[in-house]
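Chains, contacts and geometry: an overview
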Amino acid sequence: MSAAEQPPWDEGPFQPEAVTVRVPAKINLSLSVGPLRPDGYHELVTVFHAVSLYDEVIARSARGISLSVEPLRRDSDVEQVPADERNLAWQAAALLAEQCGVEPNVRLTIRKDIPVAGGMAGGSADAAATLVACDSLWGTGLRRDELHDLAAQLGSDVPFALHGGTAIGTGRGEHISPVLAATGLEWVIAVLDAGLSTPKIFEACDNQRRRNKVEAPSPSVHPDLMAALRSRDTAAIGRALYNDLQPASIEVLPEIGELLELGRAAGACGSLVSGSGPTTVFLVDGPLAAANVEAELRTSGRCRAVRRARGPVPGANIVNVR
Ligand SMILES: C[C@](O)(CO)[C@H](O)COP(=O)(O)OP(=O)(O)OC[C@H]1O[C@@H](n2ccc(N)nc2=O)[C@H](O)[C@@H]1O
Ligand SMILES: Nc1ncnc2c1ncn2[C@@H]1O[C@H](COP(=O)(O)OP(=O)(O)OP(=O)(O)O)[C@@H](O)[C@H]1O
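On a predicted model such as this, the values are computed, not experimentally measured, just so you know.

1. Here we look at the sheet that holds strand β11 (residues 305–311)
Spatially, β9-β10-β7-β11 is the arrangement adopted by the four strands of the open sheet, whose pairing is antiparallel. Taken across any chain shown, the strands that pair with only one partner, and hence form the sheet edges, are β9 (270–273) and β11. The sheet shows a mean angle of 25 degrees between the axes of neighbouring strands, taken without regard to direction. Here four bridges tie β9 to strand β10 (residues 280–284), and the two strands are oriented antiparallel to one another. In the sheet register, V273 faces β10, and the bridge partner there is T280.

And the structure:
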């Protein structure tokens with residue numbers, strides 16, 4: 001149909017001006033860390049679980065790439081987050097543009113609530129959200145598996161942030177397979193002031209193993225956790241949570257160990273460090289236990305913020321287009 005024949009109400013393909021994507025934080029219900037590989041990564045098997053603590057990324061039409069970061073809530077912390085090409089979201093936009101042969105024209109606004117350097121994959125979440133937002137803004141229309149391949153190039157945790165839910169991650173964490181698991185799990189999350197560097201915690205884990213003359217195991221998921229997730233038995237899930245990086249995080253920041261004790265004593269049915277830490281998470285069964293754990297953590301004076309969240313929730317998805 002020529003332009004002259006085009007009906008007046010058909011203005012051609014819709015070109016959005018701005019796309020907003022919401023993306024969740026992750027915790028690792030289990031994290032089994034194997035040996036260091038020649039490429040500098042550790043072989044691992046993890047059970048990822050997306051929880052309702054979110055960042056938002058807004059992608060707007062612009063010339064070139066620019067980026068700003070703002071807090072989503074009054075007590076969200078954004079100080080350590082770079083607003084230039086060191087930001088993983090910036091790198092995600094640049095990579096998508098290069099792969100699709102389009103001009104990298106976007107103004108990114110990251111509205112953060114996921115703790116920074118907290119072991120909840122905040123930077124990875126922003127990168128995944130940016131891929132989804134720019135793909136829509138630029139009309140590049142990549143398939144899910146194509147987005148996944150780009151995500152894996154950006155970081156080990158990025159593919160899961162696209163996926164969400166509860167899923168097993170293998171390799172360095174980038175290969176994702178969904179698991180049928182309990183829904184409606186309730187978490188209390190203790191956010192600390194300090195951040196921990198992911199590579200330093202992996203290194204501390206290797207050093208502990210060397211000192212204790214323990215061989216790195218072949219990583220796996222414990223069958224007790226899978227059975228508990230299928231049974232939806234919260235107490236059994238709580239008992240089966242584990243994280244091989246936890247001793248290393250506690251060695252670097254001993255107050256993590258004290259917080260874990262505190263939450264358990266207050267009635268949590270399970271507790272663990274999220275990923276490389278220092279965020280600690282507490283599984284609670286019912287509103288009374290949740291309120292008790294939350295109150296104990298708040299009055300400890302050790303947390304910058306205490307949050308409630310539920311999981312699993314979906315991965316990065318578009319919440320507004322205009
Ligand atoms: C701890 C976890 O959050 C658990 O989900 C992830 O394994 C970390 O994933 P991430 O932050 O996306 O990590 P990347 O950006 O891919 O890697 C950062 C650094 O962490 C270390 N790293 C990461 C993943 C992995 N399987 N082995 C590693 O040793 C490496 O030193 C790597 O250079
Ligand atoms: N979009 C981003 N948000 C937060 N930090 C970012 C971002 N991009 C780059 N960074 C840098 O990455 C570092 C790690 O931040 P991030 O919040 O992703 O850690 P993390 O949650 O511990 O990561 P993971 O759980 O994936 O190991 C920060 O200290 C910051 O300098």
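Once you've had a look at it, read on.
2. Details of the site of ligand 2
Residues in contact with ligand 2 amount to 23 residues; listed here are only the nearest, A121, G122, G123, D126 and T198. For the shell around ligand 2, the secondary-structure elements that each account for two or more residues are α1 (88–100) and α2 (122–137). By residue class, the composition of the shell around ligand 2 is nine nonpolar, 11 polar and three charged.

3. Description of the environment of F282
Structurally, F282 can be placed in strand β10. Here F282 falls in the buried class, since 30 other C-beta atoms lie within 10 Å of it. Once the C-alpha coordinates of F282 and V293 are considered, the two residues, 11 residues apart in sequence, prove to be 8.0 Å apart. Dropping the residues within four chain positions of it, F282 is found in contact with W187, V188, G263, A268, S271 and V293.

4. Some remarks on the packing of α1 against α2
Close contact between α1 and α2 brings their axes to 8 Å; oriented N to C, the two are set at 35 degrees. Crossing geometry of α1 relative to α2 is assigned as right-handed. The segment α1 lies against α2, with L88, A89, Q91, A92, A93 and L96 engaging G123, S124, D126, A127, T130, L131, C134 and D135.

Here is what the cut-offs are and how they apply
- Residues numbered from 1 in each chain as written.
- Chains lettered and ligands numbered in written order.
- Predicted model: local features only at pLDDT ≥ 70, side-chain atom pairs only at ≥ 80, totals over all residues.
- Pairing = 2+ DSSP bridges.
- Helix = DSSP H or I, 4+ residues; strand = E, 2+ residues; numbered from the N terminus.
- Axes fitted to C-alpha atoms, helices over the stretch in contact; angles between N-to-C directions.
- Near = placed C-beta within 6 Å.
- Nonpolar A, V, L, I, M, F, W, Y, C, P; charged D, E, K, R; others polar.
- Buried ≥ 20, exposed ≤ 12 C-beta atoms within 10 Å, placed from the backbone.
- Contact = placed C-beta atoms within 7 Å.
- Left-handed = near helix turned anticlockwise from the far one by under 90°.

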